[in-house]
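The chain contents come next:
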Amino acid sequence: MTRRAINRVSKFVMLGLALALAGPIEAKETELPKAADMLRWRGDAQVAGFRNVDRIFPVRIVKRGPKVRPLPRADQQIAPSLNYDGSTISIDEYVARERIAGLLVISHGKVVLEKYGLGQKPEDKWISFSVAKSVTSTLLGAAIRDGKIKSVDDLVTTYIPELKGGAYDGVTLRQVLAMRSGAQWNEDYTDASSDVGQLAASMAENKGASLIAMMATRPRAAEPGSRFLYSTGESNMVGIIVSRAVGEPLADYLSRKIWAPYGMESDASWLTDGGTEIGGCCLNVTLRDYGRLGLFMMEGGSAGGAGVVPAGWIGEATTNKSSPGETPYGYQWWIPSPGTYAALGIFGQTIYIDPAKDLVIVQIAAWPAASGPQYSARRLALVGAVNESLALAKP
């Protein structure tokens, strides 16, 4: 054997020894699910997809700024136990059973609970789904403060004239924000042929068809203002209205108005369809920065010492606009109970805010189904358990 061959063998032996001493190599998520199956991802594919959306779909980066707003850890941490389908379980059991990727509780500005599951790490991003709707609504408020939009009583067709002659004639921004336009929409996540299913298909193919052309064909199901009809398509329209009004992409506006000045810790990303951000879906954010979003709202919508939205906007946006018997809903914010509000996304994504208690609860998850009464009940049980645990923790 030549000296060169001996050296080569020696290098392989040394490399093998080093790898053996280092222990097993952690598997990486190299096999990502297909974009077209987004609403049908389940199991390991679901987790890989939710954590790596910006490797599957085109996105635009939401850039952080030079400073980070601290999230100090409280000296006393809480360990809630909660009622889960009739049994009392620990918070760790809840995380495992509900397929929770991250759980964060911020009380009086300090972290009192932070847990991760499903292999999620603090620096990993996770998809927001419809939590993005609440962010888009807030950016519309910012555009009003900036003088780019006159008021929520402006007509939708002022900003999207392509919708003239259809169901959106005479519809105001206020009505679209509250999901009361009257335009027909099918938000069935289990049906690929539903409106939201077609929207997801457009996103997968990066056509951009989900954003305006699809909405122009909506028939009218009710008189504007008369009924609550949940529609991701309309939230996409809100995003387009904001972007056209301010003259820049939503991701850039979000970075300039909130992300950088408030002090988010990491860059986020926003899924695009045909180069335009999806106003109704799919921000990708770390758990702690979701918590900072909650704090931004609870602290009155100021960032970097400057107001971002008009005075009174947050109170108006998070007040119920629905009629008796309908789901309590504000301007793209859910109202779980009077005085509280929440940004919610399918498969368990949650930012719950209780200003009176100075409380933010964030959950990122991979529920086995998009939604369901049992999942909602367990999430409410979590909120109750957190409140009970905080009350017991008071000196």
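Residues numbered from 1 in each chain as written. Predicted model: local features only at pLDDT ≥ 70, side-chain atom pairs only at ≥ 80, totals over all residues. Heavy atoms only, no water.

A.B. asks: How would you sum up the layout of surface pockets? Please name residues and give values.
C.D. replies: Unfilled space is identified by rolling a water-sized probe across the atoms. Reported here for the largest pocket is a volume of approximately 560 Å³. When residues of the lining of the largest pocket are traced back to their parent elements, those giving at least two are β12 (341-345), β13 (349-354) and α13 (373-393). Among the elements that line the lining of the largest pocket, the one with the most residues is α13, at 4 residues. The residue inventory of the lining of the largest pocket, partitioned by class, reads 14 nonpolar, 7 polar and 1 charged. If you add up the space inside the second largest pocket, you get close to 350 Å³. Taken together, 15 residues line the second largest pocket, and the ones lying closest to its centre are S107, H108, L390, A393 and K394. Counting residues per element, the lining of the second largest pocket draws most heavily on α13, which supplies 4 residues. (1 Å grid on protein atoms, 1.4 Å probe; cavity = no way out; pocket = protein on both sides within 12 Å on 5 of 7 lines; lining within 4 Å. Points joined across faces, edges and corners; volume = space filled by probe spheres on them. Helix = DSSP H or I, 4+ residues; strand = E, 2+ residues; numbered from the N terminus. Nonpolar A, V, L, I, M, F, W, Y, C, P; charged D, E, K, R; others polar.)

A.B. asks: Give me the environment of M179: which residues, what numbers.
C.D. replies: With respect to the helices and strands, M179 occurs in the loop between α6 (173-177) and α7 (195-205). Separated by 68 residues in the primary sequence, M179 and V111 have C-alpha atoms spaced 34 Å apart. Not counting residues up to four positions away in its chain, the partners in contact with M179 are K133, R227, F228, L229, Y230, S231, E234, S235, Y329 and Q332. (Contact = heavy atoms within 4.5 Å.)

A.B. asks: An account of the packing of aromatic side chains is requested, with residue identities and associated values reported.
C.D. replies: Summed over the entire model, instances satisfying the criterion amount to 14 aromatic pairs. Seen in terms of ring centroids, Y262 and F296 are 5.8 Å apart; in terms of plane orientation they differ by 85°. Their pairing is edge-to-face. Of this pair, Y262 sits in helix α10 (residues 250-262) while F296 sits in helix α11 (residues 287-298); the two residues are 34 residues apart in sequence, bridging distant segments of the chain. On the basis of an interplanar angle of 75° and a centroid distance of 4.7 Å, the ring pair of Y329 and W334 is categorised as edge-to-face. Take Y329 and W334: they sit in the same class, and that class is buried. Ring pairing ties together the aromatic residues W41, F50, W126, F129 and F347, which thus form one cluster. The ring of Y331 carries K321 above its face, with NZ or CZ at 4.5 Å from the centroid. (Phe/Tyr/Trp six-rings, centres within 6.5 Å; stacked < 30°, edge-to-face > 60°. Buried < 20%, exposed > 50% of the residue type's maximum accessible area, 1.4 Å probe, protein only. Lys NZ or Arg CZ within 6 Å of the ring centre and 35° of its normal.)

A.B. asks: Help me get a handle on the pattern of salt bridges, residues and values and all.
C.D. replies: Enumeration over the complete set of coordinates arrives at 19 salt bridges. The residue R378 makes a salt bridge to D85 at a minimum N-O spacing of 2.7 Å. Linking R378 in helix α13 with D85 in the loop between β2 (81-84) and β3 (87-90), this pair joins segments that are 293 residues apart in sequence. Relative accessible area serves as the criterion here: at 13%, R378 is assigned to the buried category. (Salt bridge = Lys/Arg side-chain N within 4 Å of Asp/Glu carboxyl O.)

A.B. asks: Quick rundown of the sheet that holds strand β4 (residues 100-107)? Include the residues and the values.
C.D. replies: The 5 strands are arranged β5-β4-β14-β13-β12 in an open sheet whose pairing can be described as antiparallel. In this open sheet, the two strands that pair with only one neighbour each are β5 (110-116) and β12. Direction aside, the axes of adjacent strands within the sheet are offset by 5° on average. Pairing analysis gives 6 bridges linking β4 to β5, with the strands arranged antiparallel. Counted as the bridge partner of G102 is Y116 from β5. (Pairing = 2+ DSSP bridges. Axes fitted to C-alpha atoms, helices over the stretch in contact; angles between N-to-C directions.)

A.B. asks: Describe the packing of α10 against α11, listing the residues and the values that go with them.
C.D. replies: Contact pair α10 / α11: the axes reach a minimum separation of 11 Å and the direction vectors enclose 110°. By the criterion of interaxial angle, the relationship of α10 to α11 is roughly perpendicular. Facing I258, W259 and Y262 of α10, the residues of α11 in contact are D289, R292, L293, L295 and F296. Here the residues of the contact of α10 with α11 are counted per class, giving 6 nonpolar, no polar and 2 charged. (Parallel < 35°, antiparallel > 145°, perpendicular 65-115°, else oblique.)

A.B. asks: Could you give an account of the side chain of N236, with specific residues and numbers?
C.D. replies: Relative to the elements of secondary structure, N236 occurs in helix α9 (residues 232-246). Side-chain polar atoms of N236 contact the backbone nitrogen of G280, separated by 2.9 Å. (Polar contact = N/O pair within 3.5 Å; in protein donor to acceptor, adjacent residues only side chain to side chain.)

A.B. asks: Tell me about empty space enclosed by the protein, and please be specific about residues and values.
C.D. replies: Per the stated rule, a full pass over the model turns up 3 cavities of 30 Å³ or more. In this structure, the largest cavity spans a volume of roughly 130 Å³. If you go around the largest cavity, you meet 15 residues; those closest to its centre are L39, F129, Y189, V196 and C281. Among the elements that line the lining of the largest cavity, the one with the most residues is α7, at 4 residues. Grouping the constituent residues of the lining of the largest cavity by class yields 10 nonpolar, 3 polar and 2 charged. In this structure, the second largest cavity spans a volume of roughly 80 Å³. In terms of lining, the second largest cavity is formed by 13 residues, of which the most central are V135, T138, L293, M297 and W333. Secondary structure elements with two or more residues in the lining of the second largest cavity: α4 (131-145), α11 and β13. Of the residues belonging to the lining of the second largest cavity, the class tally is 10 nonpolar, 3 polar and no charged.

A.B. asks: Describe the nonpolar core, listing the residues and the values that go with them.
C.D. replies: Ranked by internal contacts, the top residues of the largest apolar core, which has 107 residues, are F57, L140, I149, L254, I258, W313 and I351. With 8 residues, α4 is the single largest residue contributor to this core. Of all hydrophobic cores here, the second largest spans 26 residues; its members include Y84, Y94, Y375 and L390. (Core = buried A, V, L, I, M, F, W, Y, C linked by side-chain atoms within 4.5 Å.)

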